[in-house]
Amino acid sequence: MLAVQSSEHVTIDPSILYFGTPVVLVSTVGDDGRPNLAPLSSIFWLGHTAVIGVGARSQTAINLRATGEVVLNLPSVEQVSAVDRIALTTGRDPVSARKSSVGYRYEPDKFGRAGLTPVGSDTVSAPRAGECPVQLEGQVVDAHRLRGDDPVAAGSILAVEIAVTRVHVHESIRLAGSAHRIDPDRWRPLIMSFQQFYGLGDRVLPSRLSSIDEEWYR
């Protein structure tokens, strides 16, 4: 039996499907040793594996292929201005015609323009963004070309699998009395939803999943 369609729903065809994901500042370094910092919000985690979506022609993708090393810096709502300052910049020179048409410009010093401090990492050559409360060092495991069924856009986007090799967090967001847990009531990630910045609100309901000790997932 077919379900009755809700009269409150309509069929649409949005250009993007960014319903709300964390903002990440991806730090990489090229084979020439020059660092790059790029904001993105196409990311998810499974265990200690992160998957990010990047343009295949971007400087970030070029650096990832060259060195296989990365830092995923997670800004809080307090770093929103730093993120926005590099939102329409690219580390590629010359700027592509497509990006130039919407206002992108070449910026060789992304850290400087953002007003963030590059800090040395432990396991990779890419620097961390010192002001970000969470910094995840990682190594590229694999990269998958997406949209293979689209003759125009085939291979233009990469899904990059990253193994997290080191986690740094600011003491202010660590759960009191725990060596390795984050306090979700103190951590306020920056969220991107349909090209706009948002922060988290208060917890709406205690989750039944919280009855499981986090160490069970290790």
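Preceding this paragraph is the structure being described.
Conventions used here
Residues numbered from 1 in each chain as written. Predicted model: local features only at pLDDT ≥ 70, side-chain atom pairs only at ≥ 80, totals over all residues. Heavy atoms only, no water. Helix = DSSP H or I, 4+ residues; strand = E, 2+ residues; numbered from the N terminus. Polar contact = N/O pair within 3.5 Å; in protein donor to acceptor, adjacent residues only side chain to side chain. Contact = heavy atoms within 4.5 Å. Pairing = 2+ DSSP bridges. Buried < 20%, exposed > 50% of the residue type's maximum accessible area, 1.4 Å probe, protein only. Phe/Tyr/Trp six-rings, centres within 6.5 Å; stacked < 30°, edge-to-face > 60°. Lys NZ or Arg CZ within 6 Å of the ring centre and 35° of its normal. Axes fitted to C-alpha atoms, helices over the stretch in contact; angles between N-to-C directions. Salt bridge = Lys/Arg side-chain N within 4 Å of Asp/Glu carboxyl O. Patch = residues over 30% accessible without salt bridge, like charges linked within 9 Å, V, L, I, M, F, W, Y side chains within 5 Å. Areas by Shrake-Rupley, 256 points an atom, 1.4 Å probe, with all protein chains shown as cover. Lys, Arg positive; Asp, Glu negative; His and termini not counted. Charge placed at Lys NZ, Arg CZ, Asp CG, Glu CD.

K.L.:
How do you make sense of the side chain of Asn36 when you look at a structure like this?
P.N.:
Relative to the assigned elements, Asn36 resides in strand β3 (residues 35-40). Here the side chain of Asn36 touches Lys110 through a polar contact of 3.4 Å, side chain to side chain. In contact with Asn36, not counting residues within four places along its chain, are Val26, Ser27, Thr28, Gln59, Thr60, Asn63, Gly91 and Lys110.

K.L.:
Looking at this model, I keep getting lost on the sheet that holds strand β14 (residues 196-198). Mind explaining?
P.N.:
In a beta sheet, neighbouring strands are held together by backbone hydrogen bonds and run either parallel or antiparallel to one another. One open sheet accounts for three strands, arranged β1-β13-β14; its pairing is antiparallel. Strands at the two margins of the open sheet, each flanked by one partner only, are β1 (21-22) and β14. Alignment of β1 against strand β13 (residues 191-193), held across two bridges, turns out to be antiparallel. If you follow Pro22 over to β13, its bridge partner there is Ile191.

K.L.:
Where do I start with the pairing of strand β4 (residues 43-46) in this structure?
P.N.:
Side chains on a regular strand alternate between the two faces of the sheet. Sheet analysis places β4 next to strand β5 (residues 49-55), joined by four bridges and oriented antiparallel. Paired with Phe44 across the bridge in β5 is Val51. Hairpin connection from β4 to β5: two residues lie between these consecutive antiparallel strands, with Gly47 at a positive phi of about 60 degrees.

K.L.:
Is there a simple way to explain the environment of Arg113 in this structure?
P.N.:
Within the secondary structure, Arg113 is located in helix α4 (residues 110-114). Overall, Arg113 belongs to the partly exposed group, its relative accessible area being 35%. Along the chain, Arg113 and Val83 lie 30 residues apart, while their C-alpha atoms are 9.7 Å from each other.

K.L.:
Is there a simple way to explain the packing of aromatic side chains in this structure?
P.N.:
Two descriptors summarise a pair of aromatic rings, namely the distance from one centre to the other and the angle between the planes of the rings. Across all of its chains, the model carries two aromatic pairs by this definition. A centroid spacing of 5.0 Å and a plane angle of 85 degrees characterise the contact between Phe19 and Phe194, whose relative ring orientation is edge-to-face. Of this pair, Phe19 sits in the segment before β1 while Phe194 sits in the loop between β13 and β14, and the two are 175 residues apart along the sequence. Aromatic side chains Trp216 and Tyr217 sit 5.0 Å apart centroid to centroid with 85 degrees between the ring planes, which places their arrangement in the edge-to-face category. Between the NZ or CZ atom of Lys99 and the centre of the ring of Tyr104, over which it lies, the distance is 5.0 Å.

K.L.:
How do you make sense of the sheet that holds β3 when you look at a structure like this?
P.N.:
Read across the sheet, seven strands follow the order β3-β2-β6-β11-β12-β5-β4 without closing on themselves; strand pairing throughout is antiparallel. In this open sheet, the two edge strands, each paired with only one partner strand, are β3 and β4. Strand-to-strand, the axes of this sheet are offset by a mean angle of 30 degrees, without reference to chain direction. Judged from the three bridges that link them, strand β2 (residues 24-29) and strand β6 (residues 69-74) form a sheet pairing that is antiparallel. When the bridges of β6 are listed, Val26 appears paired with Leu72. Along the sheet face, helix α1 (residues 59-67) touches β2, β3, β5, β6, β11 (134-145) and β12 (157-169) and points at about 50 degrees away from the line of β2.

K.L.:
Any chance you could explain the pattern of salt bridges here in plain terms?
P.N.:
Pairing between side chains of opposite charge can happen when the charged atoms of each approach one another. For the structure on display, the rule yields six salt bridges. Between Asp122 and Arg166 there is a salt bridge, with the nearest N and O atoms lying 3.0 Å from each other. Taken together, the residues span a long stretch of sequence, with Asp122 in the loop between β9 (118-119) and β10 (128-129) and Arg166 in strand β12 at a distance of 44 residues. Residue Asp122 is classed as partly exposed on the basis of its relative accessible area, which comes to 48%. Arg181 is the partner of Glu214 in a salt bridge, and the nearest nitrogen-oxygen pair spans 3.4 Å. Here Arg181 lies in the loop between β12 and β13 and Glu214 lies in the segment after β14, a separation of 33 residues in the sequence. Its relative accessible area of 38% is what places Glu214 among the partly exposed residues. With a relative accessible area of 32%, Arg181 lands in the partly exposed category.

K.L.:
How should I be thinking about a positive patch on the surface in this particular structure?
P.N.:
Together, Arg57, Arg65, Arg92, Arg98, Lys99 and Arg145 make up a region of like positive charge exposed at the surface. Tracing the backbone through its elements, the reader meets Lys99 in helix α3 (residues 97-100).

K.L.:
Even after reading the chapter, I still don't get the side chain of Ser156, so can you show me in this structure?
P.N.:
Following the sequence through the fold, Ser156 ends up in the loop between β11 and β12. Residue classification places Ser156 among the buried positions, given a relative accessible area of 19%. Those residues in contact with Ser156 that sit more than four places away from it in its chain are Val54, Gly55, Ala56, Arg57 and Leu146.

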